[in-house]
Protein chains: 2
Amino acid sequence: MARKILVVGGVAGGASAAARLRRHSEEDQIIVFEKGPNVSFSNCCLPYHLSGVIEKAEDLVLMTPELFKSQYNIDVRINNEVVSIDREAKEVKIKNLDTGKDYTETYDKLVLSPGGKPIVPPIPGLEKINHFTIRNVVDIDRIAKAIKEKDVKKISVIGAGFIGIETVENLKEAGYEVTLIEAMPQILRIFDYDMVQTLHKELYDQGVNLILDDKVTAFDTRMIHLESGRKVDADVVIMAIGVSPETDLAKQAGLEIGKTGAMKVDQNFRTVDQDIYAVGDAIEVYSYLFDDYFKLPLAGPAQKQARSVADHINGQYVDNRGYIGSSILKVFDYNAASTGLTCGFIKNSGLKVDYDCVRIIPGDKVGLMPSSKNMHFKLIYEKPTGKILGAQAIGKGNVDKRIDVIATVIKFNGTINDLKDLELCYAPPFGTAKDVVNFAGYVAINLMHDDFRQVNVYDVRPLVEDGAAIFDVREENEYELSHLKGAVNIPLSQLRDRIDEFPKDKPIYLHCRSGQRSYNACLALQNRGFKNVYNISGGFMGISFFEFYNDKVTGREPILTGYNFD
Amino acid sequence: MARKILVVGGVAGGASAAARLRRHSEEDQIIVFEKGPNVSFSNCCLPYHLSGVIEKAEDLVLMTPELFKSQYNIDVRINNEVVSIDREAKEVKIKNLDTGKDYTETYDKLVLSPGGKPIVPPIPGLEKINHFTIRNVVDIDRIAKAIKEKDVKKISVIGAGFIGIETVENLKEAGYEVTLIEAMPQILRIFDYDMVQTLHKELYDQGVNLILDDKVTAFDTRMIHLESGRKVDADVVIMAIGVSPETDLAKQAGLEIGKTGAMKVDQNFRTVDQDIYAVGDAIEVYSYLFDDYFKLPLAGPAQKQARSVADHINGQYVDNRGYIGSSILKVFDYNAASTGLTCGFIKNSGLKVDYDCVRIIPGDKVGLMPSSKNMHFKLIYEKPTGKILGAQAIGKGNVDKRIDVIATVIKFNGTINDLKDLELCYAPPFGTAKDVVNFAGYVAINLMHDDFRQVNVYDVRPLVEDGAAIFDVREENEYELSHLKGAVNIPLSQLRDRIDEFPKDKPIYLHCRSGQRSYNACLALQNRGFKNVYNISGGFMGISFFEFYNDKVTGREPILTGYNFD
């Protein structure tokens, strides 16, 4: 029997649901309502129009209502906003934004995919500054046109999440003076503080004026006032503070809102009303890794949820395994990816989990190959099980595939023991015989087995300041170039002959360039009777990246005589 | 108690074993014997010296005996060949190739990592032609020098496996006229015949003289004679037919050889002699996917086996899960990767497994991004379980990460249902919201669920020749550019209005550009009562790639009015 199915929202979730619904049935009447002028546009690509990587704003629109009609026999109504739901009557009220007139449509099933709306806090003086948010093609087109005005040189982006960073990059590449203002002490909370210093450095190196740990308190004409007292000139301001789920319609209809502020749905992405489903940025999802719900406003999950909903409406089972969250972005020359939990999240959310992490900086390819790039890699795992909880990778090379592999391992409840055995593709132009993922697994197993102990890059400054016994096992020429203040140079190649120079009565901290030679040195010392030996994970390169940005912006006394970034 | 451990072979397996052995113990005496002049060189990188990607031959050598001594206190003896093992006396005889003198060393434990040697069949006239094999730095240096002679213009490579193809690519990039001769009807048996046509086309497009399905019967001065009667001029010949495991030492010592011709080892990589281990190209490994042993001469497995052996010698358990085999190579502008079983292997090896495959050609990134490239992707899975058996990906973009993900899924016994839920990294510069892997999973589920049926690209020529009812659902302008001879054009956008033009009494075959629109068309027809509908997987693009190379080299009548490769 033919049904009438209404879909609210025509972007990632809504468009996918409608197409899948049609594949299930030729008879069903399917209507999609989109309050904006475009359906099925690539919201993830929006920032790339600002630099011209995607030349024309209209290219961002992938499907038209006409194509939906001819190819799918789906009735798509743009500039039509669903303003209320009458669950009793199974009817929605729609405002046609072109005519201003309201009308109603009944439904058998209703799918809500309203998305999220950019957060704009009520900061005093907002009306005095030329400001924008980014949600759709109209927004990005408007910004692209506004910044082409001849008096626009300085642009400030407020908020250093995905959209903020991508916008900064594209504006910078278009030649503007760009300031990025973030209230937290770091950008992109999908990365831990130690990892993200690499990206802080990249923004600094690319000439972005990065302001962290400072809040906007007021706007004035072409001026932003910050909590610190600092003032920033800005011809244009882009608010990229984040998105909040569009829940007005759900609230009006008496549908449940979860404690995250997003809509609550069951395992079938169905609301408390058995005929109303919801997907995408408007809902909260269940975590695969901890026993709670969280918001995950990403295009991939939205599309997959939409498919599940279309399947469930047509009598198929839904296989909802919960979410781990995987994401990636380009930050100028760096690629940065993350999956699962961060150490920061575990600490701040009060999760009761015993964990440890591995931090390595291997090459993404065989070092001999000219295209080889270092990769900062962090693996987080549970103790005592070795279960993988998350990973982060930042580098100029192939970081995405390593995080994709870890994301896959997490979905199978894999452990550090599983990592070592993975057979990943290897040839010199693509990777290393022992892949980064295998290598991280080995290091984690060594740590779990107490083969060696480590300290992290953020422990190094206190150690240097306390005059701890730090030994640099790189070769003399490397040490001479730059080293930790107070570190003693005993190259691995001289270690066995100079064994008496190591103190027996206090902890010994060893490092080399990235941590591999010092790991060998740790084991040699331990096997010769030294009990209190620590490897500085990430080595001198890790320390250099960790210290650089804060050294530059605070003007503090560096703990190194110079930096080494490769 | 200090032991004396001897390692035979100082490349991937041997060098890794020695270093790990040292980390376990400072006291053990460790001696590595290498019959060549170099240890620890990158054999996988050898071909890249021929094009100058790796400029100097000596750069291929990663460690020297001096460094092994100073950094690891390991005694590495190059130009020292172990010629026999006396298991009773626990002693090996070594020939010092510099002095010609023999000497002996006793051992507590012996690790064999002798590698594989290039196969050179006894073809008549071999002595008349300037021919080479590639095994080590000396070989590649010798070739690099030989081809610089001024009369060398034409080079033939015999054998189209990894080394053969990589050598062809690097020689071509260095400006030579290159012929590649392969006895089988296709290159690279890690790919199925349908997939590998893309690479045959690439070799053709890059100007390589590719000769398939033809055997070398004799050599003459600057001339190769083939079974077909064809003759090929060659100033230099490189024999890249394959490697056979170095088992002379094992045979002499009475160690077991498996039916593959490689050494047999137990779950701990130990031979029948409890004090002798073996790793790398010389051994056969157990399959994770079928109940038998096979040869897997790759650097990654060798290094991991070496680590396991060092661990077992030091009392740690070995976790040997068997192997699936994952590999990748660059073929000019294409990246080509494979993991697990191919359809060809399943058929030819007589494995009793019911299976099906998905063949899709999605973009590796969001189509809007200028760097987006099509990817030919094949997923092979077991029926009725849906267990993933293998995958192949060929394209100009990021193929490796998709195969790495599938390799990971296989190691967890994952199924097509697992694929759809993977949360992989997505941002426009890196992938698509619904990743290739998710997409392949969805298609496989649809097939398994009998939502639609498919035929493969190799079925199309017989269908065209039989005058089957083939419908092209692309738009008219696409059809006009090029199409299958005899195919009727009914664009998806007109399908519902022209439904009467589809025959009710015979099978209907549908295709579009890559298979997505025709999949929608299949479902629309089925939902309107048509029972006998098939999607041509891979679409017109897949057919174009499949037909092109054989059309060109055989001069046969094409089944298309023209090709469409993107």
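Residues numbered from 1 in each chain as written. Chains lettered and ligands numbered in written order. Predicted model: local features only at pLDDT ≥ 70, side-chain atom pairs only at ≥ 80, totals over all residues. Heavy atoms only, no water.

Asker: For the overall build of chain A, give the residues involved together with the corresponding values.
Answerer: Along its length, chain A carries 15 helices and 30 strands. For 566 residues, the compact-globule estimate of 2.2 N^0.38 gives 24 Å, and chain A sits close to it at 27 Å. Each principal axis of the C-alpha atoms in chain A carries an extent, and together these give about 90 × 55 × 40 Å. Going through the 566 residues of chain A one by one, you find that 62% of them count as buried. Expressed as a percentage of contacts within chain A between residues at least 6 apart in sequence, the contacts between residues at least 24 apart total 64%. Surface summary for chain A: the accessible area is close to 21000 Å², and the carbon and sulfur share equals 47%. (Helix = DSSP H or I, 4+ residues; strand = E, 2+ residues; numbered from the N terminus. Rg over C-alpha atoms; globule rule 2.2 N^0.38 Å. Buried < 20%, exposed > 50% of the residue type's maximum accessible area, 1.4 Å probe, protein only. Contact = heavy atoms within 4.5 Å. Areas by Shrake-Rupley, 256 points an atom, 1.4 Å probe, with all protein chains shown as cover.)

Asker: Before we move on, could you go through the relation of the copies chain A and chain B and cite the residues and values that matter?
Answerer: Mapping chain A onto chain B is achieved by rotating through 180° and translating by 0.0 Å along the same axis, at an RMSD of 0.0 Å. Read as a symmetry element, the transformation amounts to a two-fold axis. Using C-alpha coordinates, one finds that chain A approaches the rotation axis most closely at Lys401(A), a distance of 2.2 Å. The share of interface residues of chain A whose copies in chain B are also at the interface is 100%, consistent with both copies meeting through the same surface. (Least-squares fit on C-alpha atoms with pLDDT ≥ 70 in both.)

Asker: Can you break down the side chain of Thr432(B) residue by residue, with the values?
Answerer: All names here are of chain B. Looking at the element boundaries, Thr-432 is found in the loop between helix 10 (416-421) and helix 11 (436-448). A distance of 2.9 Å separates the side chain of Thr-432 from the backbone oxygen of Lys-434, its partner in a polar contact. Those residues in contact with Thr-432 that lie beyond four places of it in its chain are Gly-363, Asp-364, Lys-365, Val-366, Arg-402 and Tyr-426. (Polar contact = N/O pair within 3.5 Å; in protein donor to acceptor, adjacent residues only side chain to side chain.)

Asker: Run through the packing of aromatic side chains, naming residues and quoting values.
Answerer: All names here are of chain B. By the definition in use, this model includes 33 aromatic pairs over all chains. Where Tyr-204 meets Tyr-549, the ring centres are 6.2 Å apart and the plane angle is 80°; that geometry is what we call edge-to-face. Within this pair, whereas Tyr-204 is found in helix 5 (residues 193-205), its partner Tyr-549 is found in helix 15 (residues 539-554), the two being separated by 345 residues in sequence. The class of Tyr-204 is partly exposed, set by a relative accessible area of 34%. Here Phe-548 and Phe-565 contribute two aromatic rings whose centre-to-centre distance is 5.4 Å and whose plane-to-plane angle is 85°, an arrangement assigned as edge-to-face. One end of the pair, Phe-548, is in helix 15; the other, Phe-565, is in the segment after helix 15, and 17 residues separate them in sequence. The exposure class assigned to Phe-548 is buried, which follows from its relative accessible area of 7%. (Phe/Tyr/Trp six-rings, centres within 6.5 Å; stacked < 30°, edge-to-face > 60°.)

Asker: Residues and numbers for the interface of chain A and chain B, please.
Answerer: Taken together, the contact between chain A and chain B spans 87 residues of the former and 87 residues of the latter. Between chain A and chain B, a total of about 7500 Å² is buried, with carbon and sulfur atoms accounting for 57% of that surface. Together, Glu26(A), Phe412(A) and Glu423(A) form the three largest contributors to the area buried by chain A at its contact with chain B, with a combined 11%. A salt bridge links Arg321(B) to Asp418(A); the nearest nitrogen and oxygen atoms lie 2.5 Å apart. (Buried area = accessible area lost by both parts, 1.4 Å probe. Salt bridge = Lys/Arg side-chain N within 4 Å of Asp/Glu carboxyl O.)

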